[in-house]
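Fold and contact review
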Amino acid sequence: MLVLTCDLNKAIRLNDDIRITVQSIDRGEVKLQISTPRSVPIFRREIYLKIKEGTNRKR
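Residues numbered from 1 in each chain as written. Predicted model: local features only at pLDDT ≥ 70, side-chain atom pairs only at ≥ 80, totals over all residues. Heavy atoms only, no water.

1. Let's talk about the sheet that holds strand β1 (residues 11-14)
Across the sheet, three strands lie side by side as β1-β2-β3; this open sheet has antiparallel pairing. At either end of the open sheet lies a strand with only one pairing partner, and these are β1 and β3 (29-35). Strand-to-strand twist in this sheet, taken as the mean axis angle between neighbours without regard to direction, amounts to 25 degrees. The pairing of strand β2 (residues 18-26) with β3 spans seven bridges and is classified as antiparallel. Counterpart to S24 in the pairing with β3 is K31. (Pairing = 2+ DSSP bridges. Helix = DSSP H or I, 4+ residues; strand = E, 2+ residues; numbered from the N terminus. Axes fitted to C-alpha atoms, helices over the stretch in contact; angles between N-to-C directions.)

Structure (structure tokens):
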């Protein structure tokens, strides 16, 4: 696991085509902008787990 500290409007790059930017920080809430190609799905963890649970039930 990698833990990074980032200032407002700074970005983290993953490969050549994924960028995560800190958009705002307010009262302990951090807003991130995630830029990826359209072919890369993005889900919050709890949504991703529900999707995975649903696909496992169908099998």
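2. Remarks on the pattern of salt bridges
Any two side chains of opposite charge can pair if their charged atoms end up close together. Within this structure, the stated rule accounts for one salt bridge. Here R44 ties to E46 by a salt bridge, and the two come within 2.6 Å at their closest N and O atoms. By relative accessible area, R44 is classed as exposed at 56%. Residue classification places E46 among the partly exposed residues on the basis of a relative accessible area of 39%. (Salt bridge = Lys/Arg side-chain N within 4 Å of Asp/Glu carboxyl O. Buried < 20%, exposed > 50% of the residue type's maximum accessible area, 1.4 Å probe, protein only.)

3. Re unusual backbone geometry
Negative phi values dominate among residues other than glycine, just as trans dominates among peptide bonds. A positive phi angle, near 60 degrees, is found at N15, a position not held by glycine. Here N15 shows up in the loop between β1 and β2. With relative accessibility at 67%, the residue N15 sits in the exposed group. With phi around 50 degrees, R27 is a residue other than glycine that occupies positive phi space. Tracing the chain through its elements places R27 in the loop between β2 and β3.

4. Some thoughts on the environment of I18
On the secondary structure map, I18 appears in strand β2. Accessibility expressed as a relative area gives 17% for I18, which makes it buried. A C-alpha to C-alpha distance of 9.2 Å links I18 and V40, two positions 22 residues apart in sequence. In contact with I18, other than residues within four places in its own chain, are I12, R13, S35 and T36. (Contact = heavy atoms within 4.5 Å.)

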